[in-house]
Amino acid sequence: MSTLANTNRSLSDWQAMAAGLNIQTGLFIDGHYQSAKRQGSFASVNPATGQTLAMMALGEACDVDAAVANAQVAWRDGRWHKLAPRQRMDVMFNWANLVEQHGDELALLECLDMGKPITDVLNIDLPDVLRTIRFFAECIDKLEGAVTHTAANALHTIVHEPLGVVGAITPWNYPLLMAVWKLAPILAAGNCVVLKPAEQAPLSCTRLAQLFVQAGGPAGVFNVVNGTGQEAGRALALHHDVAKITFTGSTAVGKLLMGYSGQSNMKRVALETGGKSPQIFMPDLYDLDAAVDRAVGGIFDNAGQVCNAGSRLLVHRSLHDQFVDRFVTRTRELYQPGDPLDPATTLGPLASHAHLGNVQRRMDQALADGATQVLPTPAFTGPGAFCAPALFVGAHNRMAIVQEEVFGPVATVQAFDTEQEALMLANDCQFGLAASVWTSDLNTAHRMVSALEAGVTWVNCFGDGDMSQPFGGYKLSGNSRDKHASSLTSYMQIKSSWFNLQR
Ligand code: NAD
């Protein structure tokens, strides 16, 4: 069954399916759902309606301890990493097939929990989840070690071994996808894992773990503890039996995690953090209309809640007015708030009312700092955390709206006169996740790409790529890469073994 086949469902079809959803509220430890040890709970709220979807088990430090202990038992007895590579591959492929078969249910959980339009979950998130699991499953039996040249009386081997128990802490903007970018290489490498999803979107990842077990994955290998970052996330990151923490989220929390590592067992810390990505539109770009359409999508898809969102639009002065006019027109045509369950909806609410307040405060600050809002926020009635797309002109690099991540549907436009000025504006930022250049000159493109301080760059496109693309940032955007085969070995360690032979 293809998840894409279901986009022909109507709003009432999805509403009926949502009404019949059986939401699992437990933590997922040692192969089954269980309640939190201290019986605490927290509400999972639908940001489109403000209604509580479910009361979820609240994992605390004691639950993290239990999950890590179970994962340690699974690691030590080798029930996963000692399987033949083909057996692990079979489980991973079965898992992907089950995720695909349960695509409707997972899409609904994601849509209701986080407010993401159902069409986006089906067309973007889920296909990418499946690609990721299958990509890393395919990698499992391709991994090779080395035998080095030695004297005849020695044999020296270099092999990759899994780390043991890995902790993964993930955000709410793509709850399943950001988790799977970690989980697929962690599991493919033979590790056991304890995942702490974002408390704003706790519904889908326990189901993912249950499907792993249903696919033949041994109990205790993949555990999920829902709970707050300050309690469950912190406990996981401070745990002495966790060999590595892999994290996607804010830069502020990423910095804390490095501290927790130093305070505990010096575990490895892999960070995918914030962004403030520039898009540079050079005067010779070949199709302004096409470029503007991509710029609009680059900031307003997923309501701007994208780490690499192209929020800083740097436009050559000769194109500026035309660019802004078309940007405003196309945004109004393409992004209208609506019910995320409606397949026609392109703009859902923000993930929570608290986050809406943060975004609104940043827009108010931009106005107070002297920027001009040319894409006004239309009134949207109803209880949802909706935020209509906003564009600010007249911004400059000392304004917070240009320097700080908003993580909402908010872009700025700045005019420039020269290539050097564009690069200076682009690089004058603490983040370095992604950047793009629009030009019809190959030399210009090559020169500018090599000057841009970003881990991911695009030329004449934005957000394109596949599994071969390492994804991660420079500077305060992080210190590691997701996707790409190399992330498999980032969840492994090297063992060098020297054999003294009698010859
Ligand atoms: P966040 O940092 O608030 O939370 C992320 C996760 O960290 C959550 O699971 C949260 O519970 C946990 N957490 C919070 N405090 C913690 C603590 N003290 N100890 C341990 N864990 C803790 O981020 P968010 O608001 O969920 O997500 C938005 C951020 O994620 C943005 O900054 C965005 O740029 C970033 N992001 C980055 C990428 C990337 O690949 N670089 C991708 C998606 C999102």
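Note that this is a predicted model, so its numbers are computed, not measured.

Peer 1: How should I be thinking about the domain arrangement of the protein chain in this particular structure?
Peer 2: By a widespread convention, an interface's size corresponds to the accessible area lost as its parts come together. By the assigned domains, the protein chain splits into domain 1 (27-40 + 53-273 + 480-495) and domain 2 (278-466). The centre of domain 1, based on its C-alpha atoms, is set 31 Å off from the matching centre of domain 2. Listed per partner, the contact involves 17 residues of domain 1 and 21 residues of domain 2. For the pair domain 1 and domain 2, the two sides together bury roughly 1500 Å², of which 59% comes from carbon and sulfur. Going through the elements one at a time, helix H4 (103-114) and helix H5 (118-139) are the ones with two or more residues in the side of domain 1 that touches domain 2. Broken down by class, the residue content of the side of domain 1 that touches domain 2 amounts to 8 nonpolar, 5 polar and 4 charged.

Peer 1: Which parts of the structure should I look at to understand the sheet that holds strand E15 (residues 390-393)?
Peer 2: Taken in spatial order, the 7 strands of this open sheet run E14-E15-E16-E13-E12-E18-E19, and their pairing is mixed. At either end of the open sheet lies a strand with only one pairing partner, and these are strand E14 (372-373) and strand E19 (456-459). Sheet topology places E14 next to E15; 2 bridges connect them, and they run antiparallel. Across the sheet, Gln-373 pairs through a bridge with Phe-392, a residue of E15.

Peer 1: Sorry, what's going on with the site of the ligand here?
Peer 2: In the vicinity of the ligand lie 30 residues, with Thr-170, Lys-196, Glu-199, Ser-250 and Glu-405 positioned nearest. The backbone of Thr-170 places a nitrogen or oxygen atom 2.8 Å from an oxygen atom of the ligand. Gly-229 places a main-chain nitrogen or oxygen 3.3 Å from an oxygen atom of the ligand. For the ligand, the protein covers 91% of the area, taking 840 Å² as the surface of the free molecule. Contributing elements (two or more residues each) for the shell around the ligand: helix H8 (229-238), strand E10 (244-248) and helix H9 (251-263). At 4 residues, H9 tops the list of elements feeding residues into the shell around the ligand. Two domains each donate at least three residues to the shell around the ligand, and these are domain 1 (27-40 + 53-273 + 480-495) and domain 2 (278-466).

Peer 1: I keep staring at a nonpolar patch on the surface and nothing clicks. Help me out?
Peer 2: A cluster of nonpolar side chains, Val-147, Leu-155 and Phe-499, forms an exposed patch at the surface whose accessible area comes to about 260 Å². Among the structural elements, Val-147 can be located in strand E5 (residues 146-147). With relative accessibility at 59%, the residue Val-147 sits in the exposed group.

Peer 1: Any chance you could explain the nonpolar core here in plain terms?
Peer 2: Most often, soluble globular proteins keep nonpolar side chains buried together rather than apart. Counting 145 residues, the largest nonpolar core has Met-92, Trp-95, Phe-222, Leu-313 and Phe-327 as the members making the most contacts within it. Formed jointly, this core draws a minimum of three residues from each of two domains, domain 1 (27-40 + 53-273 + 480-495) and domain 2 (278-466). Core analysis: the second largest hydrophobic core is formed by 13 residues, Ile-280, Phe-416, Leu-423 and Leu-425 among them.

Parameters and conventions
Residues numbered from 1 in each chain as written. Predicted model: local features only at pLDDT ≥ 70, side-chain atom pairs only at ≥ 80, totals over all residues. Heavy atoms only, no water. Domains from an automatic or database assignment. Contact = heavy atoms within 4.5 Å. Buried area = accessible area lost by both parts, 1.4 Å probe. Helix = DSSP H or I, 4+ residues; strand = E, 2+ residues; numbered from the N terminus. Nonpolar A, V, L, I, M, F, W, Y, C, P; charged D, E, K, R; others polar. Pairing = 2+ DSSP bridges. Near = heavy atom within 4 Å. Polar contact = N/O pair within 3.5 Å; in protein donor to acceptor, adjacent residues only side chain to side chain. Areas by Shrake-Rupley, 256 points an atom, 1.4 Å probe, with all protein chains shown as cover. Patch = residues over 30% accessible without salt bridge, like charges linked within 9 Å, V, L, I, M, F, W, Y side chains within 5 Å. Salt bridge = Lys/Arg side-chain N within 4 Å of Asp/Glu carboxyl O. Buried < 20%, exposed > 50% of the residue type's maximum accessible area, 1.4 Å probe, protein only. Core = buried A, V, L, I, M, F, W, Y, C linked by side-chain atoms within 4.5 Å.

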